[in-house]
Amino acid sequence: TPASGSEATSPGTPLTVSVTTGTPGVSMFVAGTGQIVANPTTAAVTAVANGSSGSYVIQGGYMLAGSGTGSSGNGHGYPHPTRASPATVQWLLDNYETAEGVSLPRSTLYCHYLLHCQEQKLEPVNAASFGKLIRSVFMGLRTRRLGTRGNSKYHYYGLRIKASSSLLRLMEDQQHLAMRQQPFSQKQRWIHQQQQQQSSGLSDISTQVQQYQQFLDASRALPEFPDVDLQGRALPEGIELEHLKNFQLLYREHCEAILDVMVNLQFPLVETLWKTFWRFSESQTGDSATLASEKRLPKSCLVLLCKYDPVLRWSRDCDNTLYQGLVEMLIPDVLRPIPSALTQAIRNFAKSLESWLTNAMMNIPEEMVRVKVTSASAFAQTLRRYTSLNHLAQAARAVLQNTAQINQMLSDLNRVDFANVQEQASWVCRCEDRVVQRLEQDFKLTLQQQNSLEQWAAWLDGVVSQVLKPYQSSSAFPKAAKLFLLKWSFYSSMVIRDLTLRSAASFGSFHLIRLLYDEYMYYLIEHRVAQAKGETPIAVMGEFASLGRSLNPLDPDKG
C-alpha cells in the first residue's frame, strides 16, 4: 500500500493495482490515462480517466464508474457512481480479447454481462455504464454500425470472444433458445425454413454473422488486379479498347461484391452475383444492376471477350487471387478452433460452388466456363481440405493434452521395430538411414515432452524445411517436395501397420495423429510449392484440376 496521499501517473497501458481494505488484497485491472490516487485512510484507489469514457474508483474491492466530471468540473467528481466487481473485470479478460478486423454487437456483450451477473448474484450496471467499463478494460475500441439496411446494430469493432471461452457454445445455442421462445406458428415456420435449407444442402448462418465473424480475417482487402496482357494480339472484331477496359472494371467490381457477401457469410448471394454478371437470364434485363452492366458492356461484347485468350488468362489469374484471399479470410488459421456451424456452412458452400457457376454461365462460351470452373473447383477443394484439417486438429488436441494417452503411445511406439520398417521402406523410398533415425528420435522426444498442437505444427514445418533445403531456388523443388510427401505417407503407413499387427492399445490415437500429420504435411508442401513457383496455392491446385479435366497427362513439374 502506498504512503498516505501518494500520487502516481498512470501509464496508458493496463495496470494491476493491489488494494488493501482491511481484508486480503484485491488485484484490480485498471486501464486508462490520467492519475491513480491512493489514499489508505479511505481505503480507496481512484483511477481518473481523462477521456470520454468517464472515471473509475476502485473502492472496497469494487470499481465505480462515474460520469467523468463532477460539479466542480475538475474531472475528479463522481456524481453517479455504479459498481462493477473485480470478478466482472476478470470475467471480461477471461472471455474476450482484442483483434483486428472483428466485431461484436454491443447488445450481445451486454446480454453476456447480464448472464454473468445472474450467475455471480451481482447487481448489473446499466448498458451505458457497462459500455464505459468495456472501453476502460479494452483500450482503443471503436464503435461501428453494421448490418443490412433497416437491421443494423452497433458493434464494438476490434473485440472478439476468446476461442477458449464457454460463451462460444452459448452463442451457438442462442438460435435454438430463441426458437423455443417463439409462438407455435413462428416455430413451425422456423422448422420449415431449416428443412428447406437442409434439402438444398445449404445452411444460412448470415443471420448470426456477428458471432462467427470473429473467426474470420475480415480485415483482408482484395489485392489490385493487373492489366490484361494483350501480348501483341489484335482485339476481336467488334471489340474496342473501351469494351476491354469496361470488362476489367466490371470484373473488379464483381469480385469485390463477392468478397463483401462472403465476409458477411451470405454464401447463397454468390450465385446471385454470378448470375447477374454473366447475364444468366433474359428476364433480368429489367434489373437495375443488369441494365447498368449492359450499358457499360453489351452482352454481345461480353461473349466475344470470353473467347479472347488474353482475357481468359487474365480472368484465371484474377480468380486465383480472389479465391486465395477468400480462403485466407474464411480460414485464417487452419489449426484454430472453428464453430461446427461455421465449418458446416463453408463445406456446404464448397459443395454448391461448381453447380452454381456452371448454371450461371449457361449462355457463356465454353472456353470461359472451363477457365472459371477450374479455378472454382480448386477453391472448393481447398475449402473442403482445410475444414477437414481443422476438424482433425481439434480432435487431436484432446489426445495431445491427455497424459495417460501420451504415455501409452510412447510405450507402444517403443515396441515398433523401426529397423524393420526402414528396411522395407528403403526399397521403395531410398531415404538415408540417418535422416529416418533422426526423425524417429525427434518424434519420440516431441511426444515425450507433451507438446501442444502448435508446437507439433512447428516441428513438422521444420522437417519440411530441413528435407527440402537442398532444393531451394531449384526448378526441381516442386517435384522433390511432392516426392517427399509420398515418402512421408509411405513411412507413416508402415508404422501404423506395425502398430496394428501388435494390437497396440493406442492404435486409435496414432491413427488420428497420423491422419492429421499427413494432412498438415500436404498443407505445408502445397504452400512451399506455391511459394517456389511465385503463385498462390489456389493457382497451383488449379493447374492439376485443369490437367484432370483434360486429356493431357503431362505433369507441369516433370523434367
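A brief report on the enclosed structure follows. In this text, all values refer to a predicted model and were calculated from it rather than measured experimentally. Residue numbers run consecutively from 1 along every chain, following the written order of its sequence. Per-residue local features of the predicted model are confined to residues with pLDDT of at least 70, and side-chain atom pairs are confined, for both listing and counting, to 80 or more; whole-chain, interface and lining totals are unaffected and use all residues. Values reported for side chains reflect all heavy atoms of the structure, with hydrogen atoms and water molecules removed beforehand.

Attention now goes to the overall build of the protein chain. Looking only at helices and strands, one finds 20 helices and 11 strands in the protein chain. Each residue's exposure class comes from its accessible area (1.4 Å probe, protein chains only) as a fraction of the maximum for that residue type: buried when under 20%, exposed when over 50%, partly exposed otherwise. In the protein chain, which comprises 559 residues, the proportion classed as buried is 46%. Looking at the protein chain alone, contacts between residues at least 24 apart form 69% of all its contacts between residues at least 6 apart. A run of H or I in DSSP counts as a helix once it spans at least four residues, and a run of E counts as a strand once it spans at least two, with each numbered from the N terminus. Contact definition: two residues touch when any of their heavy atoms are within 4.5 Å.

Here we come to the layout of surface pockets. A 1.4 Å probe that fits into a set of points on a 1 Å grid over the protein atoms alone but cannot get out defines a cavity; an open set with protein on both sides within 12 Å along at least five of seven lines defines a pocket, and lining residues are those with an atom within 4 Å of a point. Grid points are joined across faces, edges and corners, and a volume is the space filled by probe spheres set on the points. Roughly 960 Å³ of internal volume is contained in the second largest pocket. What lines the second largest pocket is a set of 37 residues, among which Val436, Leu439, Phe484, Trp488 and Tyr491 lie closest to the centre. Every element with two or more residues in the lining of the second largest pocket is listed here: α15 (418-429), α16 (433-448), α17 (453-468), α18 (477-501) and α19 (507-533). A total of 10 residues in the lining of the second largest pocket trace back to one element, the largest contributor, which is α18. Side-chain classes follow a simple rule in which Ala, Val, Leu, Ile, Met, Phe, Trp, Tyr, Cys and Pro form the nonpolar group, Asp, Glu, Lys and Arg form the charged group, and the remainder, Gly included, forms the polar group. Class assignment of the residues belonging to the lining of the second largest pocket gives a composition of 26 nonpolar, two polar and nine charged.

Helix α2 (residues 106-120) packs onto helix α1 (residues 86-95) with a crossing angle of 130° between their chain directions and a minimal axis gap of 11 Å. Considered as vectors, α1 and α2 are oriented oblique to each other. As α1 runs across α2, the sense of the crossing is right-handed. Contacts from Ala87, Thr88 and Trp91 in α1 reach His112, Tyr113 and His116 in α2. Throughout, an axis means a line fitted to C-alpha atoms (over the contacting stretch in the case of helices), and angles, computed between N-to-C directions, take values from 0 to 180 degrees. Orientation is classified from the angle alone, with under 35 degrees giving roughly parallel, over 145 giving roughly antiparallel, 65 to 115 giving roughly perpendicular, and any other angle giving oblique. Left-handed describes a crossing whose near helix is turned anticlockwise from the far helix by less than a right angle; the clockwise case is right-handed.

Whenever Lys or Arg places a side-chain nitrogen within 4 Å of a carboxyl oxygen from Asp or Glu, that contact is recorded as a salt bridge. Counted by the stated rule, this structure contains 20 salt bridges. Its salt-bridge partner being Glu432, residue Arg434 comes within 2.9 Å of it at the nearest N-O pair. By relative accessible area, which is 53% here, Arg434 ends up exposed. Given a relative accessible area of 44%, Glu432 falls into the partly exposed group.

So, about the pairing of strand β11 (residues 153-161). Summarising burial for β11: seven of the nine residues are buried, a large majority. Two strands pair when backbone bridges link them, and strand β9 (residues 96-105) and β11 are joined in this way by six bridges, in the antiparallel orientation. The residue of β11 that forms the bridge with Leu104 is Tyr156. Paired strands are those between which DSSP finds at least two bridges.

These figures capture arrangement, not role.
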